[in-house]
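Listed below, chain by chain, are the residues.
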Amino acid sequence: MKALEQDLRTELLVRSTRSVRLTEAGSAFLPEARTAIEALDRARAAVEPLATGLRGSLTVGVLSGLTVIDVPALAGDFVTRRSGCVPRPPSGGPPG
């Protein structure tokens, strides 16, 4: 924080032995800093699939009577772990 304050040439925090509170400059800086961090998170999320090679589509076929594996739970877990993954319902019906 001290390095950031030096870079900005202003104090962002008032520090005492018992507390820390934002200065007026700190109150003005905080929402902008949060916005910048959110933008950085979005930028990282956009690049992550390219950096990790995780992109494209995955098609999973399942037998209709299969009850040993909880496919919806597995799919949900996969989507949760891979934020860039967008699930799509199967197209068409069963093979004829």
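Rules and cut-offs
Residues numbered from 1 in each chain as written. Predicted model: local features only at pLDDT ≥ 70, side-chain atom pairs only at ≥ 80, totals over all residues. Heavy atoms only, no water. Helix = DSSP H or I, 4+ residues; strand = E, 2+ residues; numbered from the N terminus. Buried < 20%, exposed > 50% of the residue type's maximum accessible area, 1.4 Å probe, protein only. Areas by Shrake-Rupley, 256 points an atom, 1.4 Å probe, with all protein chains shown as cover. Salt bridge = Lys/Arg side-chain N within 4 Å of Asp/Glu carboxyl O. Expected span 1.5 Å × (residues − 1). Bend = angle between axes of the 7 residues up to and from the residue. pLDDT = per-residue confidence, 0-100. Patch = residues over 30% accessible without salt bridge, like charges linked within 9 Å, V, L, I, M, F, W, Y side chains within 5 Å. Contact = heavy atoms within 4.5 Å.

1. Let's talk about the overall build of the chain
Broken down by element type, the chain carries three helices and two strands. Counting the 96 residues in the chain, one finds 6% classified as buried. Carbon and sulfur atoms make up 58% of the accessible area of the chain, which amounts to about 8600 Å² in all.

2. Quick word on the pattern of salt bridges
Tallying each qualifying case throughout the model produces one salt bridge. A salt bridge links E5 to R15; the shortest N-O distance between them is 3.0 Å. Separated by 10 residues along the polypeptide, E5 in helix 1 (residues 2–8) and R15 in strand 1 (residues 13–15) bring together distant segments of the chain. Residue classification places E5 among the buried residues on the basis of a relative accessible area of 6%. Residue R15 is classed as partly exposed on the basis of its relative accessible area of 36%.

3. A look at helix 2 (residues 24–52)
Counted at 1.5 Å a residue, the expected span for helix 2 with its 29 residues is 42 Å, and the 42 Å between its end C-alpha atoms agrees. If you look at helix 2, its biggest bend is around 30°, right at A46, and the proline P49 turns up within four residues after that.

4. Thoughts on unusual backbone geometry
Unlike most non-glycine residues, R9 shows phi in positive territory, near 60°. If you trace the backbone, R9 turns up in the loop between helix 1 and strand 1.

5. Considering the confidence of the model for the chain
Here the chain shows a mean pLDDT of 82. Residues at 70 or above account for 81%. In the model of the chain, helix 3 (residues 71–81) stands out as the element of lowest mean pLDDT, 79, in contrast to strand 2 (residues 20–22), which has the highest, 96.

6. Some words on a nonpolar patch on the surface
Residues M1, L4 and L8 make up a contiguous nonpolar surface patch of about 250 Å² in total accessible area. As for its placement among the helices and strands, M1 is situated in the segment before helix 1.

7. Looking at the side chain of T23
For T23, the position within the fold is in the loop between strand 2 and helix 2. With relative accessibility at 13%, the residue T23 sits in the buried group. Beyond its immediate stretch of four places on either side in the chain, T23 contacts E11, L12, L13 and V14.

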